[in-house]
Protein chains: 2
Amino acid sequence: MENKKRILTGDRPTGRLHIGHLLGSINNRVRLQDEYEEFVIVANIQALSDNFDNPGKVRENIEELLCDYYACGLDFNKANVFIQSEVPEIHEIFIYLSNFATVQQIQHNPTIKTEMAQKGIDISTPLGFFFYPIHQTADILCVNADLVPVGKDQVPMVESTRDLARKFNKTYGVQLLHEPSALVGTEVNVPGIDGAEKMGKSLNNAIYLSDSEEELRKKVFKVYTDPNRIHATDPGKIEGNVAFMYHDLFNTNVEEVNEMKDMYRKGNIKDVEVKERLFKVMNESLTPIRERRLEAEKMKGELLSSAMESSKRVSSIARGVADSMKEAMLLKF
Amino acid sequence: MENKKRILTGDRPTGRLHIGHLLGSINNRVRLQDEYEEFVIVANIQALSDNFDNPGKVRENIEELLCDYYACGLDFNKANVFIQSEVPEIHEIFIYLSNFATVQQIQHNPTIKTEMAQKGIDISTPLGFFFYPIHQTADILCVNADLVPVGKDQVPMVESTRDLARKFNKTYGVQLLHEPSALVGTEVNVPGIDGAEKMGKSLNNAIYLSDSEEELRKKVFKVYTDPNRIHATDPGKIEGNVAFMYHDLFNTNVEEVNEMKDMYRKGNIKDVEVKERLFKVMNESLTPIRERRLEAEKMKGELLSSAMESSKRVSSIARGVADSMKEAMLLKF
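Overview of the structure. Counting restarts for each chain: residues are numbered from 1 in the order of the written sequence. To label them, take the chains in the order written and letter them from A, then take the ligands in the order written and number them from 1. Totals for whole chains, interfaces and linings use every residue, but because this is a predicted model, local features are given only for residues with pLDDT of at least 70 and side-chain atom pairs only at 80 or more, for both listing and counting. Side-chain numbers come from the whole structure's heavy atoms, not from hydrogens or water.

1. Describing the overall build of chain A
Next, step 1: In DSSP terms, a helix is any run of H or I states spanning at least four residues, a strand is any run of E spanning at least two, and both are numbered starting from the N terminus. Scanning chain A from N- to C-terminus turns up 14 helices and 5 strands.
Next, step 2: The size measure is the radius of gyration over C-alpha atoms, and the globule rule it meets is 2.2 Å times the number of residues to the 0.38 power. Expected size for 333 residues packed as a compact globule is a radius of gyration near 20 Å; at 22 Å, chain A falls within 12% of this value.
Next, step 3: Contact criterion: two residues are considered in contact whenever any of their non-hydrogen atoms come within 4.5 Å of each other. The contacts of chain A with a sequence gap of at least 6 include a subset with a gap of at least 24, amounting to 76%.
Next, step 4: A 1.4 Å probe and the Shrake-Rupley method give the accessible areas. Residues count as covered only by the protein chains that appear here. Counting every atom, chain A has about 14400 Å² of accessible surface; 48% of that belongs to carbon and sulfur.
Next, step 5: Looking at chain A, you have 42 positive and 50 negative side-chain charges, and the mean spots of the two groups are 1 Å apart. Only four residue types enter the charge count: Lys and Arg as positive, Asp and Glu as negative, with His and the chain ends excluded. Where a charge lies is defined by one atom per residue type, namely NZ (Lys), CZ (Arg), CG (Asp) and CD (Glu).

Below is the structure:
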């Protein structure tokens, strides 16, 4: 255990997880939990930074997130799923790091720039939301993470963490803060059922892990296909056709998928047939998750207790990091 | 003790205190320590925000500051002199407050605007320095201060604290954070010995409380008088004449001062005579402080221990405030 490399990853508890999360990050975490010492942060303080007027939403979604994690196969005895607000050392470490970041740097970081544009972050935005990218570096550094699994677009965030760690170490002549590396996985793009490029919690286009079989069926039958195809005998387009994109992601029978695509292009298969088959494969894949999620619902208390235990462990690791930082800054008496 | 109103005041440990501090704030604190429950913060974390590459300077000046406080008559058994870095709850409270402040607000606050112009703070400045005005509100709120003694130019800082407290309380429907009032004292302007409008640690124009009698004499004989007065028989100017400004501040014999001013205007008194008299009155006033400071030098350890004790007391008060804030934000499990 001690010699395993450490991974830091996590989510903001602002909504239930959907299949975009599953394929984009959660499956990956489940794969990594044996090989690495994994830390999974439930970032409720950062979630509050743009939901501060709705603390109930953040509070409720903590348990939802824990259920989703459990449902996907995250083992709470292996992965350290912890709650950010239970590790106040993160705030302390953030303060110590904040002397090595600038407002300019926040504004110029490419990840942040994009996010700022998307979310409309500017100087009239709450300060806590504005500086969260730097607060996030404290999440990573507080457990001495070796690796941070990210998408390509989040690499600059990890770079920024390395930069702050390096500057701190250099200024105080120490080898203390551990520079993490980005672990860039294969990009899995899961479009929304409406054909939008991304599935999003707030876009009303998501298939949730907690959706019932009935809900799944309804959503699958609503997925965006080829809007110009009126009759089943019309030749159809595969590009941008969400039904086939989902087939590519969930249907392991590649031959069957290729055959259906071929028939679709020629006008030899109905949309409803493609979707019926899609529902079947998706349901097969999601049923075990759904079942484990129902199980999880009944053990919310246990999952939360386990997260609290992990939070204590993380808090003690973070206390060590914060204390070493204090020593370097001559703040020990 | 319990029914006394609470005062929060303090300094950054970045240099020894001078007569500007003595007359501008410290004497006032000594006067207030009986009537109020006084909290005096040694703001070493904020001092690091613009001295992060020189932690030794901040570290050394903590003890210097404690000695200066003791020398001026601050009673460590009455006033709670505490060290900011020993109260990590301040950082936590700052994070909770940061959702109610904006970058814009920092930039537009008049106190901060002036300070930003003076110190050249802009977006390329360390983040920690940039947001310290909001961090400062956490110092005030963490002890539920009723009053904050400030100069007129710092009233907006107290206003900003009230504003954040009010917003927090309103958002979560609580009466929790205590809105402090500014306690605006009589402005005492102490010019530098070089005639500069203000005496400043970094301006090389200060008379320190730790200066020896010899140093005091040297500085008094260097004070800026009337540069156009060549001979003692030339009529001299009183306006902008630092020797007379100091007489006004330290010489309690108003009649004598008025007489000297009259003679000076008529060219009937030498600069050296005015200064000799000034040295005498200043030395009389500063000797007890100097003597107590020599005493303090020998008990640095005790003063620091006392500050550590107070820090524990403050930390426990702040923990209570932080916990109530967490409860309001539904962060309790």
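So that's the structure; there's more coming.
2. Digging into the side chain of B:His247
Next, step 1: With respect to the element layout, B:His247 can be found in helix α11 (residues 242-250).
Next, step 2: Residues contacting B:His247, with those up to four places away along its chain left out, are B:Val257, B:Met260, B:Val274, B:Arg277, B:Leu278 and B:Val281.

3. Description of the nonpolar core
Next, step 1: We define the nonpolar core as a collection of buried residues of types Ala, Val, Leu, Ile, Met, Phe, Trp, Tyr and Cys that are connected through side-chain atoms lying within 4.5 Å of one another. Under the scheme applied here, a residue whose accessible area is under 20% of the maximum for its type counts as buried, over 50% as exposed, and between as partly exposed, the area being computed with a 1.4 Å probe on protein chains only. Counting residues in hydrophobic clusters, the biggest one holds 99 residues, and the most contacted among them are A:Phe94 and B:Phe94.
Next, step 2: The contact partners of A:Phe94, leaving out residues within four places of it in the chain, are A:Phe131, A:Ile134, A:His135, A:Ala138, B:Phe94, B:Ile95, B:Leu127 and B:Phe131.

4. As for the environment of A:Asp248
Residue and element names in this part refer to chain A.
Next, step 1: Within the secondary structure layout, Asp248 lies in helix α11 (residues 242-250).
Next, step 2: Placed 12 residues apart in sequence, Asp248 and Met260 show a C-alpha to C-alpha distance of 11 Å.
Next, step 3: For Asp248, the contacting residues outside a window of four places in its chain are Val257 and Lys261.
Next, step 4: Reaching out from Asp248, the side chain makes a polar contact with the side chain of Lys261 at a distance of 3.0 Å. A 3.5 Å cut-off defines polar contacts: any pair of N or O atoms within that distance qualifies, except that in protein one atom must be a possible hydrogen donor and the other a possible acceptor, and neighbouring residues in sequence count only when both atoms are side-chain atoms.

5. Looking at helix α4 (residues 89-97) of chain A
Next, step 1: In terms of burial, α4(A) is a largely internal element, 9 of the 9 residues being buried.
Next, step 2: Of all the residues in α4(A), the buried ones are A:Glu89, A:Ile90, A:His91, A:Glu92, A:Ile93, A:Phe94, A:Ile95, A:Tyr96 and A:Leu97.

6. Looking at the packing of aromatic side chains
Next, step 1: Stacked, edge-to-face and tilted labels apply to pairs of Phe, Tyr and Trp rings (six-membered ring for Trp) whose centres lie within 6.5 Å, assigned for plane angles under 30 degrees, over 60, and everything in between, in that order. Enumeration over the complete set of coordinates arrives at 17 aromatic pairs over all chains.
Next, step 2: Ring centres of A:Phe129 and A:Tyr132 lie 5.7 Å apart, and the angle between their planes is 15°; this geometry places the pair in the stacked category.
Next, step 3: Residue A:Tyr132 is classed as buried on the basis of its relative accessible area, which comes to 7%.
Next, step 4: Ring centres 5.7 Å apart and planes at 70° place the aromatic pair B:Phe100 and B:Phe168 in the edge-to-face group. Residue B:Phe100 is found in the loop between α4 (89-97) and α5 (103-108), and its partner B:Phe168 is found in helix α9 (residues 155-172); the two are separated by 68 residues along the sequence. For the pair B:Phe100 and B:Phe168, one class covers both residues: buried.
Next, step 5: Within the aromatic cluster, the residues linked to one another by ring pairs are A:Phe52, B:Phe100, B:Phe168 and B:Tyr172.
Next, step 6: When the NZ atom of lysine or the CZ atom of arginine is within 6 Å of a ring's centre and also within 35 degrees of its normal, the charge is said to sit over that ring. Directly above the aromatic system of B:Tyr264 lies the positively charged group of B:Arg229, at a separation of 4.1 Å from the ring centroid.

7. A closer look at the interface of chain A and chain B
Next, step 1: Listed per partner, the contact involves 49 residues of chain A and 49 residues of chain B.
Next, step 2: Throughout, buried area stands for the accessible area (probe radius 1.4 Å) lost by two parts on being put together, summed over both. Between chain A and chain B, the buried area comes to about 4000 Å², and carbon and sulfur atoms account for 73% of it.
Next, step 3: Salt bridge criterion: a side-chain nitrogen from Lys or Arg within 4 Å of a carboxyl oxygen from Asp or Glu. Applying the counting rule to chain A against chain B returns 2 salt bridges.
Next, step 4: The partner of B:Glu86 in a salt bridge is A:Lys326, with the nearest N and O atoms 3.8 Å apart.
Next, step 5: Counting only elements with at least two residues in the side of chain A that touches chain B, the list comes to α2 (44-49), α3 (55-72), α4, α5 (103-108), α7 (127-130), α8 (132-141), α9 (155-172) and α14 (300-328) of chain A.
Next, step 6: Per-element tally for the side of chain A that touches chain B: the top contributor is α4(A), with 5 residues.
Next, step 7: Charged residues are taken to be Asp, Glu, Lys and Arg, nonpolar residues to be Ala, Val, Leu, Ile, Met, Phe, Trp, Tyr, Cys and Pro, and polar residues to be all remaining types, Gly included. Grouping the constituent residues of the side of chain A that touches chain B by class yields 28 nonpolar, 15 polar and 6 charged.

8. Structural notes on α14(A)
Next, step 1: The span you would expect from a helix comes to 1.5 Å times its residue count less one. With 29 residues, α14(A) should cover 42 Å at 1.5 Å per step; its first-to-last C-alpha distance of 41 Å lies within 8% of that length.
Next, step 2: Positive backbone phi, at 60°, marks A:Leu330, one or two positions downstream of α14(A).

9. A closer look at the state of the cysteines
By definition, a disulfide links two cysteine residues through a covalent bond between their sulfur atoms.
Next, step 1: Disulfides are defined as pairs of cysteine sulfur atoms found within 2.5 Å of each other. For the structure on display, the rule yields 0 disulfides over all chains.
Next, step 2: Unpaired in this structure, A:Cys67 has its nearest cysteine sulfur neighbour in A:Cys72, at a distance of 11 Å.

10. Some thoughts on the pattern of salt bridges
Residues and elements named next belong to chain A.
Next, step 1: Per the stated rule, a full pass over the model turns up 53 salt bridges over all chains.
Next, step 2: Across the pair Glu64 and Arg293 runs a salt bridge whose closest N-O atoms are separated by 2.8 Å. Highlighted residues: Glu64 in helix α3 and Arg293 in helix α13 (residues 271-298), separated in sequence by 229 residues. Accessibility classification places Glu64 together with Arg293 in one group, the buried group.

11. Observations regarding the pairing of strand β3 (residues 80-83) of chain A
A regular strand places its side chains on the two faces of the sheet in alternate fashion.
Residues and elements named next belong to chain A.
Next, step 1: Residue alternation in β3 divides its side chains into two sets, Asn80 and Phe82 and Val81 and Ile83, and both sets are buried.
Next, step 2: Bridge count for strand β2 (residues 37-42) against β3 is 4 bridges, and the pairing is parallel. Opposite Val40, over in β3, you have Val81 as the bridge partner. Paired strands are those between which DSSP finds at least two bridges.

12. What about the relation of the copies chain A and chain B?
Next, step 1: The atoms used to superpose the copies are C-alpha atoms, taken from residues with pLDDT of at least 70 in both, and the fit is least squares. Overlaying chain A with chain B gives an RMSD of 0.0 Å, the required rotation being 180° about an axis along which the chain moves by 0.0 Å. Here the two chains are linked by the operation of a two-fold rotation axis. No C-alpha of chain A lies nearer the rotation axis than that of A:His91, which sits 3.0 Å from it.

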